[in-house]
Amino acid sequence: MVHLLLARPERYALLRDEPARVPAAVEELLRYAQAAMGANLRVATEEVTLSGVTIGAGEAVVALMASANHDEDTFPCPDLLDLTREAPAHLSFGHGVHFCAGAQLARVQLQEALTGLIRHFPRLRAAGPADWKDERLSRAPRVLPVRW
């Protein structure tokens, strides 16, 4: 999340200048940059067509969890990170019986971390390119050089 804020300094400045936007910004960051690259294997119970592809009854489908948060029918311009977005609920913490029990704690921790960051390091900026992890199950910078 910090990488996304520092990659476009106006994003960080928006939160620094308007800290009341942090809770909504956390939700948009969670929607946009879901770090877990999990997927669910499902079997179609009847024939269905998705995006022009017909899936027969009994055929398996792998659904990437992060793709739901980039559904253009739910989120206008889903590939745009908009920290002012008033969007419907995202699925970064799952849904239904699979909803993350720690979601509220994670939200509070992220809000407090960003609020503390912008308060204590108002001039924080990237000091070079991020060194990215090369794992398949998550995506995040391994190292993010910064200056303050």
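What this report covers is the structure whose coordinates are included nearby. Quantities reported herein were computed from a predicted structural model and do not represent experimental measurements. (Residues numbered from 1 in each chain as written. Predicted model: local features only at pLDDT ≥ 70, side-chain atom pairs only at ≥ 80, totals over all residues. Heavy atoms only, no water.)

**Here we look at the packing of aromatic side chains**
Short version of the rule: Think of it this way: a Phe, Tyr or Trp ring, Trp meaning its six-membered ring, pairs with another when their centres are within 6.5 Å, and the plane angle makes it stacked under 30 degrees, edge-to-face over 60, tilted otherwise. Numbering goes from the N terminus for both helices and strands, where a helix is a DSSP run of H or I of at least four residues and a strand is a run of E of at least two. Think of it in three bands: with a 1.4 Å probe and only protein chains considered, a residue is buried below 20% of the maximum accessible area for its type, exposed above 50%, and partly exposed in between. Ring-over charges, as used throughout, are those where CZ of Arg or NZ of Lys falls within 6 Å of the ring centre and within 35 degrees of the ring normal.
Considering all chains together, one arrives at 2 aromatic pairs under this definition. Here Phe93 and Phe99 contribute two aromatic rings whose centre-to-centre distance is 6.5 Å and whose plane-to-plane angle is 70°, an arrangement assigned as edge-to-face. Between the aromatic rings of Phe121 and Trp148, the centroid separation amounts to 5.2 Å while the plane-to-plane angle is 65°, which identifies the pairing as edge-to-face. With Phe121 in the loop between helix H5 (103-120) and strand S5 (125-126) and Trp148 in the segment after strand S8 (146-147), this residue pair connects regions lying 27 residues apart in the sequence. A relative accessible area of 66% places Trp148 in the exposed class. Cation over ring: Arg31 sits above Phe75, and NZ or CZ is 5.1 Å from the ring centre.

**Overview of the pattern of salt bridges**
Rules: In the sections that follow, a salt bridge refers to a side-chain nitrogen of Lys or Arg positioned within 4 Å of a carboxyl oxygen of Asp or Glu.
This structure, assessed with the given rule, holds 7 salt bridges. For the salt bridge of Glu18 with Arg21, the shortest nitrogen-to-oxygen distance reads 2.7 Å. On the basis of relative accessible area, Glu18 is assigned to the partly exposed category, the value being 35%. The closest approach of N and O atoms between Arg31 and Glu28, which form a salt bridge, is 2.9 Å. With Arg31 and Glu28 both in helix H3 (residues 22-32) and 3 residues apart, this pair spans about one turn of that helix. On the accessibility criterion, Arg31 (1% relative accessible area) is buried. Connected through shared salt-bridge partners, Glu28, Arg31 and Arg85 make up one network.

**Digging into the packing of H3 against H5**
Applied cut-off: Lines fitted to C-alpha atoms define the axes, with helix axes restricted to the stretch in contact, and inter-axis angles between N-to-C directions lie between 0 and 180 degrees. Should the near helix be turned anticlockwise from the far one by less than a right angle, the crossing is left-handed, and should it be turned clockwise, the crossing is right-handed. Residue contacts follow a heavy-atom distance rule, with two residues in contact if any of their heavy atoms lie within 4.5 Å.
Axis separation between H3 and H5 bottoms out at 9 Å; the angle between their running directions is 115°. H5 is crossed by H3, and the crossing has right-handed handedness. Contact residues: H3 offers Val22, Pro23, Val26, Glu27, Leu29 and Leu30, while H5 offers Arg107, Leu110, Gln111, Leu114, Thr115 and Ile118.

**Quick word on the environment of Asp79**
Filter applied, for reference: We call two N or O atoms a polar contact when they sit within 3.5 Å, provided that within protein one can donate a hydrogen and the other can accept it, with sequence-adjacent residues counted only if both atoms are side-chain atoms.
If you trace the backbone, Asp79 turns up in the loop between helix H4 (65-68) and H5. Accessibility expressed as a relative area gives 61% for Asp79, which makes it exposed. Considering only alpha carbons, one finds Asp79 and Ala33, 46 residues apart in sequence, at a separation of 9.9 Å. A polar side-chain atom of Asp79 sits 3.1 Å from a polar atom in the side chain of His70.

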